[in-house]
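Examining the three-dimensional arrangement
Spelled out from the first residue to the last, the chains are:
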Amino acid sequence: MPAKVAGVKVTKATNTAISISWKKARNAKLYQVNYKKASAKKWIALKKTKALKITKSGLKANTKYNFKVRGVNGKKYGKFSKVITQTTYATPGKVNVKTIFAKKRTRNSVELQWSKAANANKYEIQPYRLSGGALVSDESTGTSCKLGYLPTPNTWYGSKIRSVNTRTGRSPYIKSAWSPMFYSCTTFGNRVINGVPDNNGMIVYTMTGTAPFRIGEDDGLIPQGYYVHSDESDRYCETDLLLCDAVTFPDDFEDSEVRGQTFRIGQTFDGMEIQLICIGPVTDADQPHPLSGENVVTIAANNGIYLIKECEWR
């Protein structure tokens with residue numbers, strides 16, 4: 001008769017598998033492992049094994065399981081070991097790409113921010129050149145990360161983020177799928193762009209620094225977030241916006257009134273002091289995204305709805 005199995009313990013657990021081991025039992029030629037959900041009544045027997053360990057995969061995440069082991073010698077079965085219990089770990093949720101935005105951008109860095117993913121206590125960030133090729137990856141225990149080694153100013157980069165659950169205590173950790181690619185552009189000179197979400201979910205970016213926004217050259221800095229809203233009477237849209245201290249129009253700009261000129265906050269234009277320079281994509285509530293290639297700069301006095309100048313360009 002096989003002796004009672006002792007020393008049963010969990011050696012590893014993930015979100016879908018649990019590994020256990022035990023000590024050799026006297027007179028046991030094989031071992032039978034039974035398992036079940038802790039909430040279930042019926043035990044399930046696994047295939048007998050000669051080994052002193054086994055891994056049960058295909059389990060449900062974030063669920064408690066019971067295991068017990070007994071020795072087998074021909075038709076003789078020993079007593080089951082004590083029951084051990086282990087809970088599988090939770091699968092982290094995927095990072096929602098719609099919540100990712102560039103919190104801060106400089107000539108060589110982009111600081112990304114995103115909303116917390118379920119069951120995640122760590123995040124991995126992988127930036128890419130648009131021309132191809134991954135850059136140095138990074139990680140964060142919070143919901144933001146500064147990519148401070150982007151090599152080229154005034155250049156677009158892509159980034160993917162995935163969430164990680166490290167609560168297993170050992171590698172490999174449990175990871176979600178990568179988010180879709182999020183794109184952001186570095187600045188040039190001493191310009192810095194900071195982004196802040198407002199109460200409606202849109203992002204308001206502010207660009208500081210002595211260099212003005214150059215229409216036709218800095219169009220990659222224009223945010224492209226697009227939000228369609230509906231009320232009882234109509235559908236309307238909003239976009240992320242870029243506020244800046246100054247804007248320069250090219251010499252061949254279509255509107256002759258502003259062609260070749262630079263406008264700054266505090267300057268007088270059309271008899272009024274400029275208090276707002278705002279740049280964003282042109283949108284239409286009936287379109288699924290910002291109208292391709294169209295942008296608008298608004299130069300206005302910040303005294304209600306009075307508009308000094310609004311210029312569109314492709």
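These remarks concern the structure in this document. (Residues numbered from 1 in each chain as written. Predicted model: local features only at pLDDT ≥ 70, side-chain atom pairs only at ≥ 80, totals over all residues. Heavy atoms only, no water.)

**Focus on the side chain of Thr 88**
Structurally, Thr 88 can be placed in the loop between β8 (84–87) and β9 (101–105). Residue classification places Thr 88 among the buried residues on the basis of a relative accessible area of 2%. Within the local environment of Thr 88, its side chain forms a polar contact with the backbone nitrogen of Asn 62, the two atoms lying 3.0 Å apart. Sequence-distant contacts of Thr 88, defined by excluding residues within four places in its chain, comprise Thr 14, Asn 15, Ile 18, Leu 59, Lys 60, Ala 61, Asn 62, Thr 63 and Tyr 65. (Helix = DSSP H or I, 4+ residues; strand = E, 2+ residues; numbered from the N terminus. Buried < 20%, exposed > 50% of the residue type's maximum accessible area, 1.4 Å probe, protein only. Polar contact = N/O pair within 3.5 Å; in protein donor to acceptor, adjacent residues only side chain to side chain. Contact = heavy atoms within 4.5 Å.)

**Overview of the environment of Tyr 173**
Inspection of the secondary structure puts Tyr 173 in the loop between β14 (156–165) and β15 (174–175). Between the C-alpha atom of Tyr 173 and that of Ala 13, which follows or precedes it by 160 residues, the distance is 9.9 Å. Leave out the neighbours within four places in its chain, and Tyr 173 touches Val 164, Asn 165, Thr 166 and Thr 168.

**Overview of the packing of aromatic side chains**
Counted according to the given criterion, the structure contains seven aromatic pairs. Ring geometry for Trp 22 against Tyr 31: centres 5.7 Å apart, planes inclined by 55°, an arrangement best described as tilted. The exposure classification of Trp 22 matches that of Tyr 31, with both residues buried. Look at Phe 249 and Phe 263: their rings are 5.8 Å apart centre to centre, the planes differ by 85°, and that puts the pair in the edge-to-face class. With a gap of 14 residues between them, Phe 249 in the loop between β23 (246–248) and β24 (262–264) and Phe 263 in strand β24 connect regions that are remote in the sequence. (Phe/Tyr/Trp six-rings, centres within 6.5 Å; stacked < 30°, edge-to-face > 60°.)

**A word on the environment of Phe 269**
Positionally, Phe 269 belongs in strand β25 (residues 268–269). Judged by its relative accessible area of 10%, Phe 269 is buried. Put simply, Phe 269 and Lys 309 are 40 residues apart on the chain and 9.3 Å apart in space, counted from C-alpha to C-alpha.

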